Amino acid sequence: MFWMLSNMLFLFLKLSGGESFPSPLSKEEEKEYFERCRNGDMEARNVLIERNLRLVAHIAKKYYYSGYDNDDLISIGTIGLIKAIDSYKTDSGTRFATYAGKCLQNEILMFFRSQKKQAQESSLSDAVETDKDGNPLTFMDVICCDDDIAEKIDLKMKIEKMMSKICTVLTPTEKQIIVLRYGLGYTKPITQREVAEKLNISRSYVSRLESGAIKKLRESMEKP
């Protein structure tokens, strides 16, 4: 479930942001959006995520040799970016890019370490951290906190719309590639190389079909 939600987010960003990443915010814009974000403006939070994806891509490239596709590492790094945005203190004196860079690298390195230690996905009942009283918090507890219920409802509606588009707009092969690449079922996302081997087609063909499917979904999602 954790992988599915994080890769849903990454797919949303690709559908809304095009193939190239948006330009970074200026220092003044960054300050303004953080102030709005801290006041509960979720749109400002989304802008901070989208406009810092270039940083995620830059850092992910450093680990490309590890055997994972760049998109896979960007997806993992996006999780670190979101954590950095939520925990960054604007009065700390540290530039956000510096702070976020460390968070992104930590997230990627944590992922590599977890791959060595566990062969299966974590259960929703597994403890991921503790609350202020020392009680364990599970993935389900974290996902189901009530303070962002409106955001969850909006996300649920977008997911339902996107899954509907995946089933109706894409060809069977395109659908299969998107489901495998972004882990939209009950398994972790896999690389383009692994998809190519599973479908017995070339990796370049998988890449072309994925790009075409993303374009179809983006255009369909933008329609009223």
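Just so we're clear, the structure is a prediction, and the values are computed from it rather than from any experiment. (Residues numbered from 1 in each chain as written. Predicted model: local features only at pLDDT ≥ 70, side-chain atom pairs only at ≥ 80, totals over all residues. Heavy atoms only, no water.)

A.B. asks: Tell me about the side chain of Gln192, residues and numbers included.
C.D. replies: Structurally, the position occupied by Gln192 is in helix H10 (residues 192–199). Side-chain polar atoms of Gln192 contact the side chain of Glu210, separated by 2.9 Å. (Helix = DSSP H or I, 4+ residues; strand = E, 2+ residues; numbered from the N terminus. Polar contact = N/O pair within 3.5 Å; in protein donor to acceptor, adjacent residues only side chain to side chain.)

A.B. asks: Tell me about the packing of aromatic side chains, residues and numbers included.
C.D. replies: For any two aromatic rings, the description comes down to two numbers: the centre-to-centre distance and the angle of the planes. Following the criterion strictly, the structure yields four aromatic pairs and no others. Geometrically, the ring pair formed by Phe34 and Tyr88 is tilted, given 5.0 Å between the ring centres and 50 degrees between the ring planes. Placement of Phe34 in helix H2 (residues 27–38) and of Tyr88 in the loop between helix H5 (70–87) and helix H6 (96–117) is noted, with a sequence separation of 54 residues between them. Overall, the relative accessible area of 1% leaves Phe34 in the buried class. Judged by its relative accessible area of 7%, Tyr88 falls in the buried class. Here the aromatic rings of Phe34 and Phe96 are separated by 5.0 Å at their centres, their planes lie at 65 degrees, and the arrangement is edge-to-face. Taken as a pair, Phe34 in helix H2 and Phe96 in helix H6 lie far apart in primary sequence, 62 residues in all. Like Phe96, Phe34 is buried. Of the aromatic side chains, those joined through ring pairs into one cluster are Phe34, Tyr88, Phe96 and Tyr99. (Phe/Tyr/Trp six-rings, centres within 6.5 Å; stacked < 30°, edge-to-face > 60°. Buried < 20%, exposed > 50% of the residue type's maximum accessible area, 1.4 Å probe, protein only.)

A.B. asks: A description of the environment of Ile74 should follow, citing residues and the corresponding values.
C.D. replies: Structurally, Ile74 is set in helix H5. Owing to a relative accessible area of 2%, Ile74 belongs among the buried residues under this scheme. Taking the C-alpha atoms as reference, Ile74 lies 5.8 Å from Ala57; in sequence the two are 17 residues apart.

A.B. asks: Just give me the short version of the pattern of salt bridges, but keep the residues and values in it.
C.D. replies: Pairing of side chains with opposite charge becomes possible as their charged atoms draw close. Throughout the structure, instances matching the rule amount to six salt bridges. A salt bridge links Arg36 to Asp41; the nearest nitrogen and oxygen atoms lie 3.0 Å apart. Using a relative accessible area of 30% as the deciding quantity, one classes Arg36 as partly exposed. Close ionic contact of Arg181 with Glu210 constitutes a salt bridge, the shortest N to O distance being 2.9 Å. In this pair, Arg181 sits in helix H9 (residues 172–181) while Glu210 sits in helix H11 (residues 203–222), placing the two residues 29 residues apart along the sequence. The same class applies to Arg181 as to Glu210, namely buried. In this structure, a network of salt bridges that share partners links the residues Glu32, Arg36 and Asp41. (Salt bridge = Lys/Arg side-chain N within 4 Å of Asp/Glu carboxyl O.)

These values are about where atoms sit, not about what they do.
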